[in-house]
Amino acid sequence: MRFDVITLFPELVAAVTESGVTGRAAEHGLLDVRYWNPRDYTTDRHRTVDDRPYGGGPGMVMKVEPLRRCLSAVREQTDIRSKVICLSPQGRLLTQAAVDAFSREPGLILIAGRYEGIDERFISADVDEEWSIGDYVLSGGELAAMVVMDAVTRLLPGALGHSESATQDSFAEGLLDCPHYTRPEQVGEQAIPKVLLQGDHAAIARWRRQQALGRTWERRPDLFKALALSDQDNALLQNYLNERDKTDS
Ligand code: 9D3
């Protein structure tokens, strides 16, 4: 998978290929990430990439021409017909379904904005899709671009080790994950659920499923509404809620 990242802060985004799953994927050639700085495509003495907004107001706006020349340089360098994705607070909310679709593309050109935003004429003429990573304010699109690359890379065949499979991820199923425990068995007053020690693998699978269902019900009503539960799942959830109401309160 090829990523071409257009950013005024390439050294910030480069951390993505320096460690973890994405670092290993880049090392193994599964990922090819290149960085492009619009400042390198300016023509004036001050290398100006931004200017004041028409109509007045605070902040600066990223200029069309450096971005457009930068994008042309990307296109000249590769024959991969990557979609142009702009990370923006005005974009659609990123979901695992969107990440799945991205992972089936041969490449993506990711544009990270800075300042108040990008001149709308670049977005309307040169950008295919705008995506946001959530309803909170970042200082720029770089961290969002890194989020996209990380989430997409996990889905590339061979990017994860044998123990980590992407298909087992809770979000792949629309469920939150169950709780996890490791040694020691007792931490001060805190024990672990007994079922995990008894070696009954069917019982453990049922307990984990029940925890995932119960936690999704409690914490994420939006995810829960979208689930189509089997009779067995409904029974597990009812049992979870009954036990919880017995012990809590
Ligand atoms: C305080 C500035 N805001 C005025 C109402 C507008 C604004 C401009 C630029 C807010 C954020 C940004 C920079 N953010 C991104 O480029 C960005 C982003 C985000 O802030 N949140 C979630 N997803 C994304 S993707 C790109």
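Model, not experiment: these values are computed from the prediction. (Residues numbered from 1 in each chain as written. Predicted model: local features only at pLDDT ≥ 70, side-chain atom pairs only at ≥ 80, totals over all residues. Heavy atoms only, no water.)

Student: Any chance you could explain the site of the ligand here in plain terms?
Tutor: Taken together, 16 residues surround the ligand, and among them I133, G134, Y136, L138 and G141 come closest. One of the side-chain N or O atoms of S132 is found 3.4 Å from a nitrogen atom in the ligand. At 2.8 Å, a backbone N or O of L138 approaches an oxygen atom of the ligand. For the ligand, the protein covers 71% of the area, taking 580 Å² as the surface of the free molecule. Structurally, the ligand is housed in the second largest pocket. At 3 residues, the largest contribution of residues to the shell around the ligand is made by strand 5 (residues 83-93). Considered class by class, the residues forming the shell around the ligand number 9 nonpolar, 6 polar and 1 charged. (Near = heavy atom within 4 Å. Polar contact = N/O pair within 3.5 Å; in protein donor to acceptor, adjacent residues only side chain to side chain. Areas by Shrake-Rupley, 256 points an atom, 1.4 Å probe, with all protein chains shown as cover. 1 Å grid on protein atoms, 1.4 Å probe; cavity = no way out; pocket = protein on both sides within 12 Å on 5 of 7 lines; lining within 4 Å. Sits in = over half its atoms within 2 Å of the grid points. Helix = DSSP H or I, 4+ residues; strand = E, 2+ residues; numbered from the N terminus. Nonpolar A, V, L, I, M, F, W, Y, C, P; charged D, E, K, R; others polar.)

Student: Quick question: what am I supposed to make of the sheet that holds strand 5 here?
Tutor: The strands that make up a sheet pair up through hydrogen bonds in the backbone, lying either parallel or antiparallel. Pairing in this open sheet of 5 strands is parallel, and the strands run 2-1-6-5-8 from one edge to the other. Unpaired on one side and paired on the other, strand 2 (32-36) and strand 8 (129-132) mark the two borders of the sheet. For this sheet, the mean inter-axis angle between neighbouring strands, taken without regard to orientation, is 30°. Inspection of the sheet shows strand 5 paired to strand 6 (residues 107-112) by 5 bridges, in the parallel sense. Paired with C86 across the two strands is I111, which belongs to strand 6. (Pairing = 2+ DSSP bridges. Axes fitted to C-alpha atoms, helices over the stretch in contact; angles between N-to-C directions.)

Student: Looking at this structure, how should I read the packing of aromatic side chains?
Tutor: Any aromatic ring pair is given by two values, namely how distant the centres are and how the planes are angled relative to each other. Overall, the coordinates contain 1 aromatic pair when judged by the stated rule. Judged by centre distance (5.7 Å) and plane angle (80°), the rings of F102 and W131 are edge-to-face. Within this pair, whereas F102 is found in helix 4 (residues 96-103), its partner W131 is found in strand 8, the two being separated by 29 residues in sequence. Residue classification places F102 among the buried positions, given a relative accessible area of 4%. (Phe/Tyr/Trp six-rings, centres within 6.5 Å; stacked < 30°, edge-to-face > 60°. Buried < 20%, exposed > 50% of the residue type's maximum accessible area, 1.4 Å probe, protein only.)

Student: Which parts of the structure should I look at to understand the layout of surface pockets?
Tutor: Empty space among the atoms becomes apparent when a probe as large as a water molecule is rolled across them. The volume enclosed by the second largest pocket comes to roughly 460 Å³. What lines the second largest pocket is a set of 25 residues, and nearest its centre among them are L87, S88, P89, Q90 and E116. Breaking the lining of the second largest pocket down by element, the ones donating at least two residues are strand 5, strand 7 (117-118), helix 5 (120-126) and strand 8. In terms of residue count, strand 5 provides more of the lining of the second largest pocket than any other element does, 5 residues in total. Class assignment for the residues of the lining of the second largest pocket results in 12 nonpolar, 9 polar and 4 charged. (Points joined across faces, edges and corners; volume = space filled by probe spheres on them.)

Student: Help me out: how do you make sense of the environment of M146 in this one?
Tutor: Here M146 lies in helix 6 (residues 142-153). Judged by relative accessible area, which is 15%, M146 ranks as buried. When the C-alpha atoms of M146 and L12 are compared, they prove to be 9.5 Å apart, with 134 residues separating the residues in sequence. Residues in contact with M146, not counting those within four places in the same chain, are L12, V13, A15 and V16. (Contact = heavy atoms within 4.5 Å.)

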